[in-house]
Amino acid sequence: MDIEQLTQKILDGDRRALARAITLVESGREDHRAKAGELLSELAKHKRQSLRIGLSGTPGVGKSTFIESFGMQLTGLGLRVAVLAVDPSSARSGGSILGDKTRMERLSRERNAFIRPSPSQSHLGGVARRSREAVALCEAAGFDVVLIETVGVGQSETVVAEMSDLFLLLLAPAGGDELQGVKRGIMEMADLILVNKADGPLKPVATRTCADYAGALRLLRKRPQDPEGFPKALMVSAVEEHGLEQAWEEMQTLTAWRRENGHWDRRRADQSCYWFDQEVRQALLARLHTASAQAAMADLSGQVAGGALTPAAAAQQMLQDHLKG
Ligand code: GDP
């Protein structure tokens, strides 16, 4: 299928074409990269936007269960929902935390839902680009909501927050000690904290946890992109499907406010610039990873070690010789 046909099919919302296109952007092959670039540029002209919701949480907190329940609620409202995953574990080990169990069975049978497991076997930078491009494809295919899931293990939250309009942090009910465990930086990224498993015997603990996090959020610096009362902490039960409706209402309130006040567009523009910057950095690093560049590095390292060149002089020579296209 040529790019023109593929473009049209994606714009028509054809799921098989979308799946093919995601495979294309995930490919590392040079000719595939070129085609993917062409496709993404074509699709970008149509300026379609979904609500992109990033979701993070440690393994076992209930991300899959939440996405399934929440996704079903959204499809129930007649919305089209895509689910993508950014899995940093697959970048390191080739294995996947997010992909290797049977997940979201109900949602995967929904006509209005599209679920794509995480790309594997790449460095986080590669995973980030592929995920971001997969998000762009889903937007072009007309999904109302794109859920982007990641495991809460550090760097991947930033990657996901930089490709989301809203960022949700899913937490489990826990004692006060656990509160310390959530890094301040992650808290600062969250638009909504959802304390999951607020059901059965865990409910009282969840209530306390939620109050603790609400208190912690109030202590954070007020962000210009937030209306009064945000970010918020809410209780949900993904299993019993409680609190999901309220969570969706809060997301809509926040989104509407940001749209009206210019923050939506500004965030999108800032994100594009962030990814431009990242692409430049990665392309530069890639130039230093060619065989000839690596050989030159080894040679210059030898000269630096032997005292023949200063580190700065060696670096300058390296850049002069290897950063030109
Ligand atoms: P993930 O690793 O974050 O994707 O977590 P899962 O969705 O696989 O859930 C981990 C475990 O928590 C499973 O046994 C779920 O049944 C359970 N779980 C998820 N959501 C809830 C909830 O709302 N209430 C209770 N009680 N258990 C839940």
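Before any of the text, the structure's been laid out above.
On a predicted model such as this, the values are computed, not experimentally measured, just so you know.

J.: Would you explain the nonpolar core in this entry?
T.: For soluble globular proteins, the rule of thumb is that nonpolar side chains tend to be buried together. Ranked by internal contacts, the top residues of the largest apolar core, which has 35 residues, are Ile-10, Leu-18, Leu-39, Leu-137, Cys-138, Phe-143 and Val-146. At the level of secondary structure, the elements contributing two or more residues to this core comprise helix H1 (3–11), helix H2 (15–26), helix H3 (30–44), strand E2 (81–86), helix H7 (124–140), strand E4 (145–151) and helix H8 (155–161). At seven residues, H7 tops the list of elements feeding residues into this core. When residues of this core are assigned to domains, at least three fall in each of domain 1 (1–46) and domain 2 (48–260). In this view, Leu-39 contacts Ile-3, Leu-6, Thr-7, Ile-10, Ala-21, Leu-24 and Leu-137; residues no more than four positions away in its chain are not counted. One finds Val-61, Trp-248, Leu-254 and Trp-264 within the second-largest nonpolar core, a separate group that totals 31 residues.

J.: Honestly, empty space enclosed by the protein in this entry has me stumped. Any pointers?
T.: Over the atoms rolls a probe the size of a water molecule, and in doing so it shows where empty space is left. One pass over the full model with this rule turns up two cavities of 30 Å³ or more. What lines the second largest cavity is simply Asp-165, Arg-258, His-263, Trp-264 and Arg-267. Broken down by element, the residue count for the lining of the second largest cavity peaks at three residues, all from helix H13 (residues 263–287). Residue composition of the lining of the second largest cavity, by class: one nonpolar, one polar and three charged.

J.: Which parts of the structure should I look at to understand unusual backbone geometry?
T.: Generally, phi is negative for residues other than glycine and the peptide bonds are trans, each holding for most cases. Following Phe-230, the chain continues to Pro-231 via a peptide bond in cis, the omega torsion being -5°. Here Pro-231 shows up in the loop between helix H11 (203–218) and strand E7 (232–235). Positive phi, close to 50°, is recorded for Lys-47, a residue that is not glycine. Here Lys-47 lies in the loop between H3 and strand E1 (51–57). We classify Lys-47 as exposed; its relative accessible area is 71%. You will see that Lys-197, though not glycine, has its phi angle at about 65°, which is positive. When you line up the elements, Lys-197 lands in the loop between strand E6 (192–195) and H11.

J.: I would appreciate a short explanation of the pairing of E4 in the present structure.
T.: Each regular strand displays side chains that alternate between the two surfaces of the sheet. Across the seven residues of E4, seven count as buried, placing the element largely inside the fold. By the alternation rule, side chains of E4 split into Val-145, Leu-147, Glu-149 and Val-151 and Val-146, Ile-148 and Thr-150, which are all buried. Pairing of E2 with E4 involves six bridges; the strand directions are parallel. Counted as the bridge partner of Leu-84 is Ile-148 from E4.

J.: Looking at this structure, how should I read the pattern of salt bridges?
T.: Pairing of side chains with opposite charge becomes possible as their charged atoms draw close. Going through the model one piece at a time under the given rule, you end up with 17 salt bridges. The partner of Arg-106 in a salt bridge is Glu-68, and the shortest N-O contact between them spans 3.5 Å. Linking Arg-106 in helix H6 (residues 105–108) with Glu-68 in helix H4 (residues 63–76), this pair joins segments that are 38 residues apart in sequence. For Glu-68, a relative accessible area of 13% gives the class buried. Put simply, Asp-226 and Arg-258 hold a salt bridge, and the shortest N to O gap is 2.9 Å. One end of the pair, Asp-226, is in the loop between H11 and E7; the other, Arg-258, is in helix H12 (residues 244–260), and 32 residues separate them in sequence. On the basis of relative accessibility, which here comes to 3%, the residue Arg-258 falls in the buried class.

J.: Please clarify how the site of the ligand should be interpreted in this entry.
T.: In the neighbourhood of the ligand, 15 residues make up the surrounding shell, with Lys-63, Ser-64, Thr-65, Asp-199 and Ala-238 lying closest. Contact between the ligand and Gly-60: an oxygen atom at 2.8 Å from a main-chain N or O atom of the residue. Relative to its free-state accessible area of 570 Å², the ligand is covered by the protein chains to the extent of 71%. Partitioned by chemical class, the residues of the shell around the ligand number four nonpolar, seven polar and four charged.

J.: Quick question: what am I supposed to make of the packing of H2 against H3 here?
T.: For any two helices packed against each other, one specifies the inter-axial angle together with the distance between the axes. Relative orientation of the contacting elements H2 and H3 amounts to 125°, with a least axis distance of 8 Å. On the basis of their axis angle, the class for H2 and H3 is oblique. The two elements H2 and H3 cross, and the hand of that crossing is left-handed. Each of Ala-21, Leu-24 and Val-25 in H2 lies in contact with H3, whose residues at this interface are His-32, Arg-33, Lys-35, Ala-36, Leu-39 and Leu-40. Split into classes, the residues belonging to the contact of H2 with H3 amount to six nonpolar, one polar and two charged.

Quick notes on the rules
- Residues numbered from 1 in each chain as written.
- Predicted model: local features only at pLDDT ≥ 70, side-chain atom pairs only at ≥ 80, totals over all residues.
- Heavy atoms only, no water.
- Core = buried A, V, L, I, M, F, W, Y, C linked by side-chain atoms within 4.5 Å.
- Buried < 20%, exposed > 50% of the residue type's maximum accessible area, 1.4 Å probe, protein only.
- Helix = DSSP H or I, 4+ residues; strand = E, 2+ residues; numbered from the N terminus.
- Domains from an automatic or database assignment.
- Contact = heavy atoms within 4.5 Å.
- 1 Å grid on protein atoms, 1.4 Å probe; cavity = no way out; pocket = protein on both sides within 12 Å on 5 of 7 lines; lining within 4 Å.
- Points joined across faces, edges and corners; volume = space filled by probe spheres on them.
- Nonpolar A, V, L, I, M, F, W, Y, C, P; charged D, E, K, R; others polar.
- Pairing = 2+ DSSP bridges.
- Salt bridge = Lys/Arg side-chain N within 4 Å of Asp/Glu carboxyl O.
- Near = heavy atom within 4 Å.
- Polar contact = N/O pair within 3.5 Å; in protein donor to acceptor, adjacent residues only side chain to side chain.
- Areas by Shrake-Rupley, 256 points an atom, 1.4 Å probe, with all protein chains shown as cover.
- Axes fitted to C-alpha atoms, helices over the stretch in contact; angles between N-to-C directions.
- Parallel < 35°, antiparallel > 145°, perpendicular 65-115°, else oblique.
- Left-handed = near helix turned anticlockwise from the far one by under 90°.

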